[in-house]
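# Architecture at a glance
One letter stands for each residue in the lines below.
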Amino acid sequence: MRLRRTSVVASLLALAAPALAVAVTAPSPSAGAAAPPRYREYVALGDSWSADVVFFDKDGLPDRTHVPIDCAQSHRDYPKLVAKQLGVTRFRDATCGSATTDHFTQPQKLPLGGVNRPQFDRLTRTTDLVTVGIGGNDAGVASGAMSCISALPVGVPLPRLPLPDVLPLIDVGQLPLGGCKERFTKGGVDRLAQNVARSEIKVVRALQEIHRRSPRARVLLVNYLDAIPAKGCWPIVPITNPDMAYLHGVFVKLNAMLARAARRGGAELVDTHPLSRGHGVCTGPRTRYVEGLGVVSVNDLAVAVPAHPNAAGARAQAASVLRVVRSR
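Residues numbered from 1 in each chain as written. Predicted model: local features only at pLDDT ≥ 70, side-chain atom pairs only at ≥ 80, totals over all residues. Heavy atoms only, no water.

## Focus on the pattern of salt bridges
Note the threshold: The working definition used for a salt bridge is a side-chain nitrogen of Lys or Arg within 4 Å of a carboxyl oxygen of Asp or Glu. Think of it this way: any DSSP run of H or I at least four residues long counts as a helix, any run of E at least two long counts as a strand, and we number them from the N terminus. In this scheme, a residue with accessible area under 20% of its type's maximum is buried, one over 50% is exposed, and one in between is partly exposed, where area comes from a 1.4 Å probe on protein chains only.
With the rule as written, the count across this model stands at 15 salt bridges. For arginine 213, the salt bridge is made with glutamate 209, and the minimal N-O distance between the two is 2.8 Å. Separated by 4 residues within a single helix, arginine 213 and glutamate 209 lie in helix α7 (residues 191-213), roughly one turn from each other. Assessed through its relative accessible area of 19%, glutamate 209 is described here as buried. For glutamate 268, the salt bridge is made with arginine 328, and the minimal N-O distance between the two is 3.0 Å. Linking glutamate 268 in strand β8 (residues 268-270) with arginine 328 in the segment after α10 (311-325), this pair joins segments that are 60 residues apart in sequence. The exposure class assigned to glutamate 268 is partly exposed, which follows from its relative accessible area of 22%. Among the ionic contacts, a cluster of salt bridges with common partners joins Asp63, Asp77, Lys80 and Asp93.

In structure tokens:
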């Protein structure tokens, strides 16, 4: 998912970052013997939670092998880990930060001037494995979550201010005083929940189009990690308890929508929760699989993108995918 306001400044910050070293242990997708190369042509599609976006880590700046540098694609995102374990002959990783289903068929303009060509361009008639991680940006979940940031342990819901959106990490049109639950559910209508529901048909149509373009492919739809707890941990993550509980519910709805979309679109669901439960944003720095608002991650040591999977999260995603791939 995306955090548009952080992209340019944080990417420039990454250019000045020092070389970083590896630190930490986490679940590895390489447990057990590597499977024989059942798949020859693997294409990965998706947003920042599939690109496992990073500003800078021990590999240096983001990977430019498959996409522009301002996609912030990790050298060790879960698609690359899966491709390595499966020993595929041809691999194309189209995943990109801020992507929506629109960017499957349209070019995606990026914050530093790059353009990621339509992700579906990587699909061919001979593609036999596709992973997809999408939907959160279509529903506006990431931007909604950022609006929940609170400088106080108790939310003070205020109306938006008519100010320009110019500062990174801070929506100056909305003071950081929490109360996002009240704003999103004002009048008894949950607008984020509505957005999630409306996104289902977009994901279904995307999955159907993948089957049309790559009729031989096994298609796996990967859901979002178990990142948001039902109870907050302010000020470690500066979101109040009521707002964190609300966001937890939104993520539950998002993943339920993806499960329905997988069934309707003829894809297999990869549930990342069994391997990520207990590793949410409120756990310790060496335990969490998704970073909060801090910039430095110790899983592995990196200049991380806030509110996105770290290297340990990528390994858990890869292990979840491999479980399903090897299930038949």
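## Observations concerning the sheet that holds strand β10 (residues 301-304)
Strand pairs in the sheet, formed through backbone hydrogen bonds, run parallel or antiparallel to each other. Just so we agree on the cut-off: Should DSSP find at least two bridges between two strands, the strands are regarded as paired. Lines fitted to the C-alpha atoms define the axes, with helices restricted to the stretch that makes contact. Angles between their N-to-C directions range from 0 to 180 degrees.
Strand order in the open sheet formed by 3 strands is β2-β10-β9, and the pairing between neighbours is antiparallel. The open sheet has two edge strands with one neighbour each: β2 (54-57) and β9 (296-298). This sheet shows a mean twist of 30 degrees between the axes of neighbouring strands, independent of strand direction. Direction of pairing for β9 relative to β10: antiparallel, over a ladder of 3 bridges. Paired with serine 297 across the two strands is alanine 302, which belongs to β10.

## Considering the sheet that holds strand β1 (residues 41-46)
Put simply, the rule is: Contacts are assigned to residue pairs that have any heavy atoms within 4.5 Å of one another.
Here 5 strands make up an open sheet; going across it, the order is β3-β1-β6-β7-β8 and the pairing parallel. Only two strands of the sheet have a single partner each, and these edge strands are β3 (90-93) and β8. Between one strand axis and the next, the sheet turns through 20 degrees on average, direction left out of account. Where strand β7 (residues 218-222) and β8 come together, 3 bridges link them in parallel fashion. If you follow valine 222 over to β8, its bridge partner there is valine 270. Docked against the sheet, helix α3 (residues 78-86) engages β1, β3, β6 (129-133) and β7, running at close to 175 degrees with respect to β3. Relative to β7, α10 is tilted by about 145 degrees, and along the sheet it contacts β6, β7 and β8.

## Topic: the state of the cysteines
Just so we agree on the cut-off: Working definition: a disulfide is two cysteine sulfur atoms within 2.5 Å of each other.
Applying the stated criterion across every chain yields a total of 3 disulfides. Each disulfide pairs two cysteine sulfurs, and for cysteine 71 the partner residue is cysteine 96, the sulfurs being separated by 2.0 Å. Between cysteine 71 and cysteine 96, the S-S torsion sits near -90 degrees, and that sign places the bridge as left-handed. Remark: cysteine 96 occurs in the loop between β3 and α4 (102-105) and cysteine 71 occurs in the loop between β2 and α3; sequence separation between them is 25 residues. On the basis of relative accessibility, which here comes to 1%, the residue cysteine 71 falls in the buried class. Cysteine 96 gets classed as buried once you look at its relative accessible area, which sits at 0%. In this model cysteine 233 forms its disulfide with cysteine 282; the gap between the sulfur atoms is 2.1 Å.

## Things to note about the packing of α7 against helix α8 (residues 241-265)
Threshold: Throughout, the term roughly parallel applies to angles under 35 degrees, roughly antiparallel to angles over 145, roughly perpendicular to angles from 65 to 115, and oblique to all others. In a left-handed crossing the near helix is turned counterclockwise from the far helix by less than a right angle, and in a right-handed crossing that turn is clockwise. Three residue categories are used. Nonpolar comprises Ala, Val, Leu, Ile, Met, Phe, Trp, Tyr, Cys and Pro, charged comprises Asp, Glu, Lys and Arg, and polar comprises the others, including Gly.
At a closest axis distance of 8 Å, the pairing of α7 and α8 adopts a crossing angle of 30 degrees. For the element pair α7 / α8, the angle class is roughly parallel. As α7 packs across α8, the resulting crossing turns out to be right-handed. When α7 is examined against α8, the residues Leu192, Ala193, Val196, Ser199, Glu200, Ile201, Val203, Val204, Leu207, Gln208 and His211 are found in contact with a partner set consisting of Tyr246, Val250, Lys253, Leu254, Met257, Leu258, Arg260, Ala261, Ala262, Arg264 and Gly265. Of the residues assigned to the contact of α7 with α8, the class counts are 14 nonpolar, 4 polar and 4 charged.

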